[in-house]
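Okay, here's what each chain looks like letter by letter:
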Amino acid sequence: MKTIILFGLVLGALSAAGKVFFAEVGQKVTMECGATKFKFKLEWSRDTLIIRLSSKSGIHSKGQSPIAKRSKILNGKDLEISTVMETDFGKFTCNVDGDLHEHVLIVFSVLVSSDALAVGAHATLECRVKSPENATKVKWQKPNGLEEHSHKVDLKSADSSHKGIWQCKVSYKEDTFTKNITINVKDPVPVPTTPPLKNEAPNSKNRQNSTGGSTKNWSKDTVFLGLIWWIWVAIGAGGLVVIILIVVVIVVYKRNKRRKRKFLRMKKVQLSKNPKMYCQCVRQTAAAKPQQGRRREKPSALPLQPLLQE
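Reading the values: the criteria
Residues numbered from 1 in each chain as written. Predicted model: local features only at pLDDT ≥ 70, side-chain atom pairs only at ≥ 80, totals over all residues. Heavy atoms only, no water. Pairing = 2+ DSSP bridges. Helix = DSSP H or I, 4+ residues; strand = E, 2+ residues; numbered from the N terminus. Axes fitted to C-alpha atoms, helices over the stretch in contact; angles between N-to-C directions. Disulfide = S-S within 2.5 Å. Buried < 20%, exposed > 50% of the residue type's maximum accessible area, 1.4 Å probe, protein only. Phe/Tyr/Trp six-rings, centres within 6.5 Å; stacked < 30°, edge-to-face > 60°. Salt bridge = Lys/Arg side-chain N within 4 Å of Asp/Glu carboxyl O.

K.L.:
So what exactly am I meant to see when it comes to the sheet that holds strand S2 (residues 29–31) here?
P.N.:
The strands that make up a sheet are held in pairs by hydrogen bonds between backbone atoms, and each pair lies either parallel or antiparallel. Strand order in the open sheet formed by three strands is S2-S7-S6, and the pairing between neighbours is antiparallel. Only two strands of the sheet have a single partner each, and these edge strands are S2 and strand S6 (71–74). Pairs of neighbouring strands in the sheet enclose a mean axial angle of 30°, with direction left out of account. Here S2 pairs with strand S7 (residues 78–81) via three bridges, running antiparallel. By the bridge assignment for S7, Val29 is matched with Ile81.

Take a look at the structure:
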């Protein structure tokens with residue numbers, strides 16, 4: 001009889017044993033109550049009331065906690081929490097007609113500084129976990145299968161061995177959750193090498209000239225101050241042409257000015273040698289004006305001459 005009673009107590013304890021749920025920050029999680037149905041009321045709580053459902057009225061009543069505003073009942077008994085926050089972790093109780101089912105919610109977040117790395121770059125992988133009593137264990141599994149027992153991994157100098165899937169493993173008692181992160185490491189871009197000149201040996205880079213100086217190999221792609229050498233040659237030639245044009249313009253201008261001065265000087269000398277010719281006009285003398293105050297005398301009559309006789 002005692003055995004039957006103990007067996008029943010064990011079954012009751014197992015049926016009332018809660019589950020462990022893992023939720024990522026920003027996502028939503030659904031927590032199962034553990035009971036199939038209820039007759040009178042169903043109530044979810046975490047220290048304080050979250051939500052209550054009555055079978056008679058079918059009305060939901062929520063508590064005043066921040067998590068209650070983001071919670072609702074699914075399938076008549078399960079609790080759904082949307083937009084999970086780091087502060088949502090803890091122990092939850094589902095009360096079904098006085099039968100208590102306790103569950104644990106663990107909240108985690110995976111932070112990666114960059115998932116696309118260049119060779120030699122620095123990156124940080126961090127797996128943050130919030131759980132009751134800090135009873136979780138966190139470790140990272142590398143792409144090569146090796147494990148690092150830490151919630152944070154620093155990749156100080158990325159290489160091809162870091163490329164692949166990294167696994168953040170979170171363990172709480174006998175339950176384990178895994179979050180996969182893919183890291184890409186870009187191979188370095190090969191730097192093109194310039195071929196040597198035809199008239200020089202392939203392996204010769206510098207040769208000593210007769211004066212003791214060094215002679216460099218100038219190829220078609222030789223770059224100086226960010227520009228290819230032939231561009232510098234074109235710039236120099238163009239500058240030389242501009243300078244020549246400026247000199248020609250100045251010389252022609254001065255030459256024309258000198259000629260103009262010489263021409264004006266010669267013309268002035270020529271004018272000074274020729275005498276000035278003035279216009280002389282023949283003008284009639286004016287009649288004498290009669291004197292005022294005197295009477296004008298009549299001309300004397302001509303003497304009478306005898307008529308010519310035939």
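Next comes the rest of the description.
K.L.:
Got a minute to help me understand the pairing of strand S4 (residues 48–54) in this structure?
P.N.:
Within a regular strand, side chains alternate between the sheet's two faces. Bridge analysis of strand S3 (residues 41–46) against S4 gives six bridges, and the strand direction is antiparallel. Within S4, the position partnered with Leu42 by the bridge is Leu53. The antiparallel pairing of S3 with S4 creates a hairpin that spans one residue between the two strands, and Asp47 there sits at a positive phi of about 70°. Of the strand pairs in this sheet, S4 and strand S5 (residues 60–62) are connected by three bridges, and their pairing is antiparallel. Opposite Ile51, over in S5, you have Lys62 as the bridge partner. With antiparallel pairing between neighbouring strands as the criterion, S4 and S5 make up a hairpin whose turn holds five residues, including Gly58 at a positive phi of roughly 70°.

K.L.:
Looking at this structure, how should I read the sheet that holds strand S10 (residues 116–118)?
P.N.:
A sheet is described by the order of its strands in space; here five strands give the open sequence S10-S16-S15-S12-S13, paired in mixed fashion. Two strands in the sheet have a free side with no partner beyond their single neighbour: S10 and strand S13 (147–148). Pairing of strand S12 (residues 136–141) with strand S15 (residues 164–172), which is carried by six bridges, proceeds in the antiparallel orientation. Note that in S15 the partner of Trp140 across the bridge is Cys168.

K.L.:
Can you help me understand the state of the cysteines in this one?
P.N.:
Here, the word disulfide means a covalent bond between the sulfur atoms of two cysteines. Taken as a whole and assessed by the stated rule, the structure comprises two disulfides. Disulfide pairing is shown between Cys33 and Cys94; the S-S distance is 1.8 Å. Between Cys33 and Cys94, the S-S dihedral sits near -85°, and the bridge is therefore left-handed. Of this pair, Cys33 sits in the loop between S2 and S3 while Cys94 is found in strand S8 (residues 90–96), placing the two residues 61 residues apart along the sequence. Given the relative accessible area of 0%, Cys94 is considered buried. In this model, Cys127 is linked to Cys168 through a disulfide, with the two sulfur atoms separated by 2.0 Å. Between Cys127 and Cys168, the disulfide has an S-S torsion of -80° and is therefore left-handed. One end of the pair, Cys127, is in strand S11 (residues 123–130); the other, Cys168, is in strand S15, with 41 residues separating them in the sequence. Its relative accessible area of 0% is what places Cys168 among the buried residues. By sequence-ordered numbering of the bonded cysteines, the protein has its disulfides arranged as 1-2, 3-4.

K.L.:
Help me understand unusual backbone geometry in this model?
P.N.:
Its identity is not glycine, yet Asp47 carries a phi of approximately 70°, on the positive side. Relative to the assigned elements, Asp47 resides in the loop between S3 and S4. The exposure class of Asp47 is exposed, given its relative accessible area of 82%. Residue Lys173 is not a glycine yet carries a positive backbone phi of 60°. Relative to the helices and strands, Lys173 is located in the loop between S15 and strand S16 (175–186). The class of Lys173 is exposed, set by a relative accessible area of 72%.

K.L.:
It is not clear to me how the packing of aromatic side chains should be interpreted in this structure. Could you clarify?
P.N.:
Pairs of aromatic rings are described using the distance from one ring centre to the other and the angle between the two planes. Counted according to the given criterion, the structure contains three aromatic pairs. Here Phe22 and Phe177 contribute two aromatic rings whose centre-to-centre distance is 5.4 Å and whose plane-to-plane angle is 15°, an arrangement assigned as stacked. In this pair, Phe22 is assigned in strand S1 (residues 20–24) and Phe177 in strand S16, connecting sequence segments 155 residues apart. Both rings, one in Phe108 and one in Phe177, keep their centres 4.9 Å apart while their planes meet at 45°; by these two values the pair is tilted. On the criterion of sequence distance, the pair formed by Phe108 in strand S9 (residues 99–112) and Phe177 in strand S16 is long-range, its members being 69 residues apart. Residue classification places Phe108 among the buried positions, given a relative accessible area of 2%.

K.L.:
What exactly am I supposed to notice about the pattern of salt bridges here?
P.N.:
Opposite charge on two side chains lets them pair, provided their charged atoms get close. Within the structure shown, the criterion is met by eight salt bridges. Ionic pairing is found between Lys179 and Glu24, a salt bridge with its closest N-O pair at 3.3 Å. Of this pair, Lys179 sits in strand S16 while Glu24 sits in strand S1, placing them 155 residues apart in sequence. On the accessibility criterion, Lys179 (23% relative accessible area) is partly exposed.

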